[in-house]
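What the coordinates show
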There are 2 protein chains.
Amino acid sequence: MTERFIAAVVQQAIPGNDKRANLAATLQYVREAAAGGARLVVLQELHATRYFCQTEDTACFDLAEPLDGETFMACAAVAAELDIVLVMSGFEKRAPGLYHNTAQVIDGNRGRVGIFRKMHIPDDPAFYEKFYFTPGDATAAALNGFQPIQTRAGKLGVLVCWDQWYPEAARLMALAGADMLIYPTAIGWNPPDDAAEKNRQRDAWVTIQRAHAVANGLPVLVANRCGHEPSPQAGDPGIEFWGHSFIAGPQGEILAQADAEGQGPLCATVDLQRSEDVRRIWPYFRDRRVDAYANLTRRWLDGN
Amino acid sequence: MTERFIAAVVQQAIPGNDKRANLAATLQYVREAAAGGARLVVLQELHATRYFCQTEDTACFDLAEPLDGETFMACAAVAAELDIVLVMSGFEKRAPGLYHNTAQVIDGNRGRVGIFRKMHIPDDPAFYEKFYFTPGDATAAALNGFQPIQTRAGKLGVLVCWDQWYPEAARLMALAGADMLIYPTAIGWNPPDDAAEKNRQRDAWVTIQRAHAVANGLPVLVANRCGHEPSPQAGDPGIEFWGHSFIAGPQGEILAQADAEGQGPLCATVDLQRSEDVRRIWPYFRDRRVDAYANLTRRWLDGN
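To keep things clear, this report deals only with the structure shown in the data block. (Residues numbered from 1 in each chain as written. Chains lettered and ligands numbered in written order. Predicted model: local features only at pLDDT ≥ 70, side-chain atom pairs only at ≥ 80, totals over all residues. Heavy atoms only, no water.)

1. Some thoughts on the sheet that holds strand S11 (residues 226-229) of chain A
All names here are of chain A. Definition in use: When DSSP finds two or more bridges between two strands, those strands count as paired. Every helix listed is a DSSP run of H or I at least four residues long, and every strand listed is a run of E at least two residues long, numbered separately from the N terminus.
Pairing in this open sheet of three strands is antiparallel, and the strands run S9-S12-S11 from one edge to the other. Edge positions in the sheet fall to strand S9 (188-189) and S11, since each of these pairs with one other strand and no more. One ladder, built from two bridges, connects S9 with strand S12 (residues 239-242); its direction is antiparallel. In the strand pairing of S12, Gly188 is matched with Phe241.

Shown next as structure tokens:
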């Protein structure tokens, strides 16, 4: 494993549900990243299709694939050819009626070295994910689902989108030895919201993920979708995905950040030795009050 | 309890260990805040004295006071007179050889309504706190030490300085019903560090506390010390306390922020109805995976 290398996150607008066309664009960006020296490339959430969770539609389950589906096979071929670590994200059909939002990690010609099934599932107007995605298994996998994945580009703490709002998820990955946190995501604005509200939302999203870097002394890589996607529902304004993919260092410092609309790979040098240095001056792991955290497994501390 | 009110944090440079002089300046700032309409005023960490933890010196234990010491009595008198909620912070002598870093909450003429003993204790060059402060009790107090304090200005999740780096502490206070988080703090730079490192450190500190607001959907109030304090140790550059006290709303948005050097009260309107509104659109508490968080009570997940 190298300590210092170039990593990339790919930000993309998705014009429709033609998976092959979408994937062709994605893999072209992956090639560009690799040509720029990237040894680790992270794709955005559900990159093969539009964000189909704007409505609850049983026909959308047809977009799902098994782990070894065509999207994975195409990604695995390119990762092997380029000899890179590639984090992809897709709609997984695990069994009839059992679907997940799943990231897969491919390490060159070793193929798939691990998966992560999104643990925290949102459900809000235009983000009806609880209809589509079964939450990741808490007990079937090792470490209650929060299992970092060892690659030649470090041990990757892969989480997905809504997981990004939970300090617990970031911490559990760090405690399990993750060298960095990785978030494929698909988040955007409700177009009618005013500019102040939009800025607060995007800033909150950047802030909490930078804070995971700070709290855990490790880099954070975030690949977000961009572009407007209309809703299938008449009169609905759709979602304006806000882009702003970024890579932060272990003090939460921004190393690279995309704007709201730019497509393609965003690169930065990740230095794992820097994490060691930062953790020596701010040794948070030393002082955690593990004797006093038991209530974190409770829903609410109201005695009921 | 009012839902919407003015709150203030007081930022101050401390010229020496003359407690009465320091307290006179502090209480003048408290009066200014109250005159401006503040119903809740938060003081910085260990405001009665210089930050004495730059070295390990047994003589400094003489600076400690019991809970009902002169600093508390002076604060309680002013809080009662002004009919405000006042969060003070001091060096507590609990028993011979048993000292804490303790915040006390005074609610007008009701006097002390609760205390919080700093749970996470740092120990780094120039911040030798493990010598002076016994960590807060995990079991003696209710809720393992993370017990919010009910006042007429809301239920206050009071934490102290190093606690601010721990998402666990913020979350436990929120789960116990805190309406806002409050951090008296004393953090600063090592003067020889370069400007880039200083900015990364201060930004990390702002970022992680704003993130506690985001993760928990509540306001965060931070009172930090400012000014340079020399070290008793010859040749040591001392600490340049970085100020930048701030008040953030429940999306982590900055409502008011001081600069590095300004002294006095910083005010903003806290609106607890806004927390309710924010939690409805970003309902993180609904989706916490309490079934999968048990490992948060472990030191490190290496099997040893």
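Now, onward.
2. A closer look at the relation of the copies chain B and chain A
Both copies of the chain are related by a screw-like operation: a rotation about an axis and a shift along it. Going by this rule: We superpose the copies by least squares over the C-alpha atoms of residues that have a pLDDT of at least 70 in both of them.
For the match of chain B to chain A, the screw axis carries a shift of 0.0 Å, the RMSD comes to 0.0 Å, and the turn is 180°. Taken together, the rotation and translation describe the operation of a two-fold axis.

3. Overview of the interface of chain B and chain A
Threshold: Any two residues whose heavy atoms approach within 4.5 Å are treated as being in contact. As used here, buried area is the combined drop in accessible area, with a 1.4 Å probe, of two parts when they are placed together. Here, a salt bridge means any side-chain nitrogen of Lys or Arg that lies within 4 Å of a carboxyl oxygen of Asp or Glu. Contacts described as polar in this section are N or O atom pairs within 3.5 Å, which, within protein, must combine one atom able to donate a hydrogen with one able to accept it, while residues neighboring in sequence count only if both atoms come from side chains.
Each partner contributes residues to the interface: chain B has 61 residues there, and chain A has 61 residues. Approximately 5,900 Å² of surface area, both sides summed, lies buried where chain B meets chain A, with 60% of it carried by carbon and sulfur atoms. Of all residues in chain B, the largest losses of buried area upon contact with chain A belong to Arg289, Leu296 and Arg299 of chain B, amounting jointly to 11% of the total for that side. Run the count over chain B and chain A and you get eight salt bridges. Residue Asp287 of chain A pairs with Lys130 of chain B through a salt bridge whose shortest N-O separation is 2.7 Å. At the surface where chain B touches chain A, the tally comes to 32 residue pairs in polar contact (both at pLDDT 80 or more). Within the residue set of the side of chain B that touches chain A, elements represented by two or more residues are helix H4 (167-175), helix H5 (195-216), helix H6 (272-281) and helix H7 (284-287) of chain B. Ranked by residue count, the leading element in the side of chain B that touches chain A is H5 of chain B, at 11 residues.

4. Some words on the environment of Val9 of chain A
Residues and elements named next belong to chain A. Mapped onto the secondary structure, Val9 falls in strand S1 (residues 4-11). Taking the C-alpha atoms as reference, Val9 lies 6.1 Å from Leu43; in sequence the two are 34 residues apart. Filtering out sequence-adjacent residues up to four positions away, Val9 remains in contact with Val42, Leu221, Val222, Ala223, Ser245, Ile247, Gly264, Pro265 and Leu266.

5. Digging into the packing of aromatic side chains
Geometry of an aromatic ring pair is reported as the spacing of the ring centres plus the angle between the planes. As a reminder of what qualifies: The rule is short: rings of Phe, Tyr and Trp, with Trp giving its six-membered ring, pair when the centres are within 6.5 Å, and they are stacked under 30 degrees, edge-to-face over 60, tilted in between. Exposure categories follow from relative accessible area, calculated using a 1.4 Å probe and restricted to protein chains: below 20% of the type maximum is buried, above 50% is exposed, and the middle band is partly exposed. Lysine NZ or arginine CZ positioned within 6 Å of the ring centre and within 35 degrees of the ring normal marks a charge as sitting over the ring.
Throughout the structure, instances matching the rule amount to 48 aromatic pairs over all chains. Seen in terms of ring centroids, Trp205 of chain B and Phe246 of chain B are 5.9 Å apart; in terms of plane orientation they differ by 90°. Their pairing is edge-to-face. With a gap of 41 residues between them, Trp205 of chain B in helix H5 and Phe246 of chain B in strand S13 (residues 246-248) connect regions that are remote in the sequence. In this pair, the class of Trp205 of chain B matches that of Phe246 of chain B, namely buried. What links up through ring pairs into an aromatic cluster is the set Phe52, Phe61, Phe91, Tyr99, Phe131, Tyr132 and Phe133 of chain A. Just above the ring of Phe72 of chain B sits the side chain of Arg112 of chain B; from NZ or CZ to the centre is 4.7 Å.

6. So, helix H1 (residues 19-35) of chain A
Because each turn of an α-helix spans 3.6 residues, side chains separated by three or four positions end up pointing in the same direction. Residue and element names in this part refer to chain A. So the rule is basically this: One less than the residue count of a helix, multiplied by 1.5 Å, gives the span that helix is expected to have. Read the arc as the range of directions from the helix axis to the C-beta atoms.
Taking 1.5 Å per residue, 17 residues should reach 24 Å; H1 reaches 24 Å between its end C-alpha atoms and fits that length. Turning to H1, its buried residues are Lys19, Asn22, Leu23, Thr26, Leu27, Tyr29, Val30, Ala33 and Ala34. Buried residues of H1, viewed axially, fall in a sector of 155°; they line one side. Structural note: H1 exposes Arg20 and Ala35 on the side pointing more than 90 degrees away from its buried face. Tucked into the core, H1 has its buried residues touching S1, strand S2 (38-42), helix H2 (70-82), strand S3 (85-95) and strand S15 (264-271). At the N-terminal boundary of H1, the capping side chain belongs to Asp18, with an oxygen 3.2 Å from the backbone nitrogen of Arg20. Just downstream of H1 lies Gly37, where phi reads positive at about 100°.

7. Here's the deal with H5 of chain B
Residues and elements named next belong to chain B. When the terminal C-alpha atoms of H5 are compared, their 32 Å separation across 22 residues agrees well with the 32 Å that a helix rising 1.5 Å per residue should span. Counting buried residues in H5 gives 17 out of 22 residues, a clear majority hidden from the surface. Where H5 terminates, the next one or two residues include Gly217, which has phi positive at roughly 60°.

8. A few points about the pattern of salt bridges
Pairing between side chains of opposite charge can happen when the charged atoms of each approach one another. All names here are of chain B. One pass over the full model with this rule turns up 46 salt bridges over all chains. A salt bridge links Arg4 to Asp271, with the shortest nitrogen-to-oxygen separation between them at 3.7 Å. Within this pair, whereas Arg4 is found in strand S1 (residues 4-11), its partner Asp271 is found in strand S15 (residues 264-271), the two being separated by 267 residues in sequence. For Arg4, a relative accessible area of 58% puts it in the exposed group.

9. Remarks on the pairing of S1 of chain B
Residue and element names in this part refer to chain B. A large share of S1 lies buried, amounting to six of its eight residues. As paired elements, S1 and S15 share eight bridges and run antiparallel to each other. By the bridge assignment, Ala8 is partnered in S15 with Cys267. Here S1 runs beside strand S2 (residues 38-42); their pairing, made up of four bridges, is parallel.

10. Re the pairing of strand S5 (residues 112-117) of chain B
Residues in a regular strand project their side chains so that they alternate between the two faces of the sheet. Residues and elements named next belong to chain B. For strand S4 (residues 98-107) and S5, the ladder comprises five bridges, and the chain directions are antiparallel. Directly across from Gln104, in S5, lies its bridge partner Ile115. Where S4 folds back onto S5 in an antiparallel hairpin, the turn is made up of four residues, including Gly108, whose phi is positive at roughly 55°.

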